[in-house]
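Structural overview
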Amino acid sequence: MAKKEVIGIFGGSFDPPHLGHLEVGRFVAAKRCMNQVLFMVANNPWQKTVQGNVTNVSDRYQMVELLLEDDVALQPSDLEIQLGGDSSTVRTLERLSAINPACDLELVIGYDVAVDIETWIDYERLPELAEIVIIDRPGALRELPDFLNGTIRLSGPLIDVSSQMIKERIVSGEDINDLVPPKLAEYIYTNSVYASSP
């Protein structure tokens, strides 16, 4: 019997995407022998929009395209944008299963996200829709929810970069070329994506 193709789903607001996201995608694709990793751009990351401004989805998607343009195994996905409304990982996985019935799905989430997964819409259905792969962070101390017991845990690459760090550098006039690829930096500056506030 032929081995099923494995599709990884790495979702987020990607506001902006950066080299840390890229390295995690490459790392998990290699470790889990994934045929591709979909960088799933959240249409409306509702948990973040209630906390403050989120960059418009068109800019966020184009920035992910630029981040991934040289890596064929990592692909941007606009599925959640097409679905519209508030982002729901369960709804996204259901749709992906319908589109790719012969493939195994693996949901890739970082440790920082996993500790709060019980705030997600219909979170308890996630294990029935996809294998969950958690990228651990060195020094992580908080307990994970019980329903994540038995999930795959990987010690990911330690990269000191965050989206917030990039925004702060832009506002303060500092260089970001060590945090994002050159074409992505050019897009951010040309379109004044983060010109006003971090």
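Note on numbering: residues in each chain are counted from 1, in written sequence order. Given that the model is predicted, a residue must reach a pLDDT of at least 70 before its local features are reported, and side-chain atom pairs must reach 80 or more before they are shown or counted; all residues, however, enter totals for whole chains, interfaces and linings. The basis for the side-chain values is all heavy atoms of the structure; hydrogens and waters are excluded.

For each residue, the accessible area found with a 1.4 Å probe, counting protein chains only, is set against the maximum for its type, and the residue is called buried under 20%, exposed over 50%, and partly exposed in between. Helical segments are the DSSP runs of H or I of at least four residues, strand segments are the runs of E of at least two, and each set is numbered from the N terminus. Within the sequence span of helix 9 (residues 182-190), burial applies to Leu184, Ala185, Tyr187 and Ile188. Seen end-on, helix 9 carries its buried residues on one side only, within an arc spanning 160°. Turned more than 90 degrees away from the buried face of helix 9, the exposed residues are Pro182, Glu186 and Thr190. Residue contacts are defined here by distance: any two heavy atoms, one from each residue, within 4.5 Å place the two residues in contact. The inward-facing, buried residues of helix 9 contact helix 3 (57-68) and helix 8 (163-171). Here, the arc refers to the directions that run from the helix axis to the C-beta atoms.

Right, let's talk about the packing of aromatic side chains for a bit. Classification of ring pairs rests on two measures: the distance between centres of Phe, Tyr or Trp rings, Trp counted by its six-membered ring, which must be within 6.5 Å, and the angle between planes, read as stacked under 30 degrees, edge-to-face over 60 and tilted in between. Per the stated rule, a full pass over the model turns up four aromatic pairs. Grouping aromatic residues by their ring pairs yields a cluster made of Phe10, Phe14 and Phe39.

The next point concerns the sheet that holds strand 4 (residues 104-110). At least two DSSP bridges between two strands are required for those strands to pair. Spatial ordering of the open sheet is given by 3-2-1-4-5-6, a layout of six strands whose pairing is parallel. At either end of the open sheet lies a strand with only one pairing partner, and these are strand 3 (74-77) and strand 6 (152-155). In this sheet, neighbouring strand axes are inclined to one another by 30° on average, regardless of whether the strands run parallel or antiparallel. By the bridge criterion, four bridges tie strand 2 (residues 36-41) to strand 3 in an arrangement that is parallel. Opposite Val37, over in strand 3, you have Leu74 as the bridge partner. With axes taken as lines fitted to C-alpha atoms, and helix axes fitted only over the stretch in contact, angles between N-to-C directions fall between 0 and 180 degrees.

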